[in-house]
Amino acid sequence: SNELMGQNDISGPYTHFEELGIVNKNGNSYYRVSCVGKSSRMNQSRLLVIDFNQKDTFISELSWPLENSGGLELSNYGSYHFVGTSVFSTPYLINSTAGYVSDETRLFERAFLAVLSSAGSILIF
């Protein structure tokens, strides 16, 4: 994701809000949500991730690397729009060997954001 630095004006209406859970950054906890807005200049869909808590808010734009498009017809980023989103999660283990769970094993959950484009592609972030 690229941190927005004022070079891209993203405007509403904002749609497709999804809760992505809680993340930790530099010892602080943040709620994470995603939504879709529009580029003010080009009227193109833009996928945003917002991390916030009582003190701070961080907004990032998610983009799909074109070199990884694998024939998904994403070469013209502005020619399609995001028409749907969904979130799913999977557990993962730290300090586990071949699936064996010990007292040192820690269980975490990872959220994935799936986005349906108007080109018919499902992008998973």
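Structural data are supplied above this passage.
So, here's what we can say about the structure. (Residues numbered from 1 in each chain as written. Predicted model: local features only at pLDDT ≥ 70, side-chain atom pairs only at ≥ 80, totals over all residues. Heavy atoms only, no water.)

1. Observations concerning the environment of S29
Part 1 of the reasoning: As for its position among the elements, S29 is in strand β3 (residues 28-39).
Part 2 of the reasoning: Taking the C-alpha atoms as reference, S29 lies 7.1 Å from N53; in sequence the two are 24 residues apart.
Part 3 of the reasoning: Discounting residues that sit within four places of it in the chain, S29 has contacts with I22, V23, N24 and N53.
Part 4 of the reasoning: Within the local environment of S29, its side chain forms a polar contact with the side chain of N24, the two groups lying 2.8 Å apart. (Helix = DSSP H or I, 4+ residues; strand = E, 2+ residues; numbered from the N terminus. Contact = heavy atoms within 4.5 Å. Polar contact = N/O pair within 3.5 Å; in protein donor to acceptor, adjacent residues only side chain to side chain.)

2. Quick word on a nonpolar patch on the surface
Part 1 of the reasoning: Together, V83, F88, L116, I122 and I124 give the surface a local cluster of nonpolar side chains, amounting to about 440 Å² of exposed area.
Part 2 of the reasoning: Broken down by secondary-structure element, the contributors of at least two residues to the nonpolar patch are β6 (82-94) and β8 (122-124).
Part 3 of the reasoning: One can find I124 in strand β8. (Patch = residues over 30% accessible without salt bridge, like charges linked within 9 Å, V, L, I, M, F, W, Y side chains within 5 Å. Areas by Shrake-Rupley, 256 points an atom, 1.4 Å probe, with all protein chains shown as cover. Salt bridge = Lys/Arg side-chain N within 4 Å of Asp/Glu carboxyl O.)

3. Considering the pattern of salt bridges
Part 1 of the reasoning: Considering all chains together, one arrives at three salt bridges under this definition.
Part 2 of the reasoning: D51 is the salt-bridge partner of R32, the closest N and O atoms lying 2.7 Å from each other. Taken together, the residues span a long stretch of sequence, with R32 in strand β3 and D51 in strand β4 (residues 45-52) at a distance of 19 residues.
Part 3 of the reasoning: On the basis of relative accessibility, which here comes to 3%, the residue D51 falls in the buried class.
Part 4 of the reasoning: Residue R46 pairs with E61 through a salt bridge whose shortest N-O separation is 3.2 Å. Here R46, found in strand β4, pairs with E61, found in strand β5 (residues 57-62); they are 15 residues apart in sequence, far enough to count as distant.
Part 5 of the reasoning: Through salt bridges with shared partners, a single network forms among K25, R32 and D51. (Buried < 20%, exposed > 50% of the residue type's maximum accessible area, 1.4 Å probe, protein only.)

4. Details of unusual backbone geometry
Excluding glycine, residues mostly carry a negative phi; peptide bonds, for their part, are mostly trans.
Part 1 of the reasoning: The step from G12 to P13 runs through a cis peptide bond, and the omega angle for that step is 10°.
Part 2 of the reasoning: Along the chain, P13 falls in strand β2 (residues 10-25).
Part 3 of the reasoning: With a phi close to 55°, H16 is a non-glycine residue in the positive phi region.
Part 4 of the reasoning: Note on placement: H16 falls in strand β2.
Part 5 of the reasoning: Of note, the phi angle at N95 is positive, near 65°, even though the residue is not glycine.
Part 6 of the reasoning: Mapped onto the elements, N95 comes out in the loop between β6 and β7 (106-117).

5. A closer look at the sheet that holds β6
Part 1 of the reasoning: Spatially, three strands are ordered β6-β7-β8 in an open sheet, and the strand pairing comes out antiparallel. Two strands bound the open sheet, and with one partner strand each, they are β6 and β8. Taken over all neighbouring pairs, the strand axes of this sheet differ in orientation by 25° on average, direction set aside.
Part 2 of the reasoning: In terms of strand pairing, β7 meets β8 through three bridges, oriented antiparallel. Within the sheet, the bridge partner assigned to L116 lies in β8 and is I122. (Pairing = 2+ DSSP bridges. Axes fitted to C-alpha atoms, helices over the stretch in contact; angles between N-to-C directions.)

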